[in-house]
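Below, each chain spelled out in residue letters.
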Amino acid sequence: MKQSSEDIDQVVRQAFQSLPDTPPPGSAFDAQRVWGQLNRELHPAKPARRLAGWWWLAGMLFLLSGLGWYVRSVSSGSPSGHETVALVERATPKQLNTSTSRSGNKKAKEQEGEGNTATPETALLKKASTANRQPVVTRNQSAQENIRIPEPPVTEIPAAMADQEMVVTTEVSPPEPASVSEPKVLAKTKPTASKLRFPVVHVNEWQAEEDVKTSLHRSERLVRLGTGSHSFDTPEPPQLQITIPQRIK
Amino acid sequence: MDQQLIEQCQRGNAFAQKRLFDQYANRFYRVCLRYVRHEQEAEEVLMNGFLKAFRAISDFAYRDEAGLEAWLRRIMVNEALQHLRATRGLPAMFPEEAMAMEPDTAPLPDSQLNAEAIMELVRQLPTGYRTVFNLYVLEGYSHREIAGQLNISDNTSKSQLSKARALLQELLVKQEHEAKLRRH
């Protein structure tokens, strides 16, 4: 009996020792799949997830702040541009002079020292060329450049026309005191606009134009009396003073 | 080679852990499959066994490959027994039942069955018989150790082993007979 028991034990041991190190035939065992599960248990990816979460949060904050800055800048527009336009309209040469006298800008002084007799054209060209480099132009510098009003060129009248009565009208575009404006604004204005024009008109034609103008604006011939400060409030009724002549005795 | 591998595993190197797993996964999958009936359970036991091994490997002192394999095998077997206890796979075993059943005295036929077929026959044994048979015959446990592992008496372990042998012999004879019939 014991012999039989040992025999069967031996048969089974030999059978199991001869088995290959492979899953049994027909088995769906996949060692890599099991390793994948085991690896997740051994090395949980929590720290990596946390790190990724922090990166994500930082990225979102950066994106939101950038978006907020962009929206703010777009909604406010270019406040400096509007401001300069307003200054252009209000500024008078006197104010500009005072502002330039106060300025301690070295650049302006240097340009002045170089003998830069800048005409509006040159000033505009300069501004246009430096617009990219200097997005913000200081008020003093631009004022100094543009305050210089060019002298109107002298037109020589031919000798043949000297005996005739001529009226020369000059249409000089006013030198823009918009020197304080931003370079972009100045760059948009055409330099040709500041050219001096000298239309030569015969006196008769000029007279005809003047007649037309006067006919258009008849109010020019009217004369206003008084200071103009008359109030339209209900005037007080004039106090009539009746003086009764005394009888001459 | 294995010593360096074990040292790297002790440092928690995932690459070394994978190499060790690849080296022993299939072999211990077969061990797990001897104790549990379904392949899914065997995978679960294998994974939990390796998980415990990698967590306890820092306390392991490497001597040779045989010692490493024996250490891993013990972990796998313990995990399989724990799985059987947790799933109530081990039925209540009583010595009185087994005493009546003695193995056949007839000699074993010249087994021409291959190893896979014999393994399949062992897997067909009832869980109690199979567990004791595996522990005694294939793992080399004594009846006292088996009794301690399964919370049974020594006599119960002996009787379960006797019943397992008798049933396996019967199955072997039957299988051999069927194989002969197929050949003819």
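Residues numbered from 1 in each chain as written. Chains lettered and ligands numbered in written order. Predicted model: local features only at pLDDT ≥ 70, side-chain atom pairs only at ≥ 80, totals over all residues.

1. What about the overall build of chain A?
Quick note on the threshold: Only runs of H or I of at least four residues qualify as helices and only runs of E of at least two qualify as strands under DSSP, and these elements are numbered from the N terminus. Remark: C-beta atoms are placed from the backbone, and a residue is labelled buried if 20 or more other C-beta atoms sit within 10 Å of its own, exposed if 12 or fewer do, or partly exposed between those counts. Remark: residues whose backbone-derived C-beta atoms lie within 7 Å of one another are considered to be in contact.
Along the backbone of chain A there are ten helices and two strands. Order of helices (α) and strands (β) in chain A, N terminus to C terminus: α-α-α-α-α-α-α-α-β-α-β-α. Put simply, chain A has 249 residues, and 11% of those count as buried. Partitioning the contacts of chain A with sequence separation of at least 6, the portion at a separation of at least 24 is 90%.

2. Structural notes on the UniProt feature "transmembrane region" (unreviewed entry) in chain A
The condition that has to hold: UniProt positions are given in the numbering used here, feature names are shortened, and annotations may be inferred rather than shown by experiment.
According to UniProt, the feature "transmembrane region" (unreviewed entry) maps to residues 51-71 of chain A in the numbering used here. Helix makes up 100% of residues 51-71 of chain A and strand 0%, with an end-to-end C-alpha separation of 30 Å.

3. Things to note about the confidence of the model for chain A
Residues and elements named next belong to chain A. To keep things clear, this is the line we draw: Each residue carries a pLDDT score, the predictor's confidence in it, ranging from 0 to 100.
In the predicted model, chain A carries a mean pLDDT of 65, and 39% of its residues have values of at least 70. The weakest mean pLDDT in chain A belongs to helix 4 (residues 79-90) at 47; the strongest belongs to helix 2 (residues 31-42) at 90. Residue range residues 98-104 is modelled with pLDDT below 50. Its contacts to residues more than four positions away, or to other chains, number nine contacts. The model gives residues 121-125 a pLDDT under 50, and that stretch makes nine contacts with residues more than four places away or in other chains.

4. Re the interface of chain B and chain A
Short version of the rule: Throughout, the ten residues Ala, Val, Leu, Ile, Met, Phe, Trp, Tyr, Cys and Pro are labelled nonpolar, Asp, Glu, Lys and Arg are labelled charged, and all others, Gly among them, are labelled polar.
Each partner contributes to the interface: chain B provides 34 residues, whereas chain A provides 30 residues. Looking at the side of chain B that touches chain A, the elements with two or more residues in it are helix 2 (14-35), helix 3 (39-56), helix 6 (115-124), helix 7 (127-138) and helix 9 (154-183) of chain B. A total of eleven residues in the side of chain B that touches chain A trace back to one element, the largest contributor, which is helix 2 of chain B. When its residues are assigned to classes, the side of chain B that touches chain A shows 20 nonpolar, five polar and nine charged.

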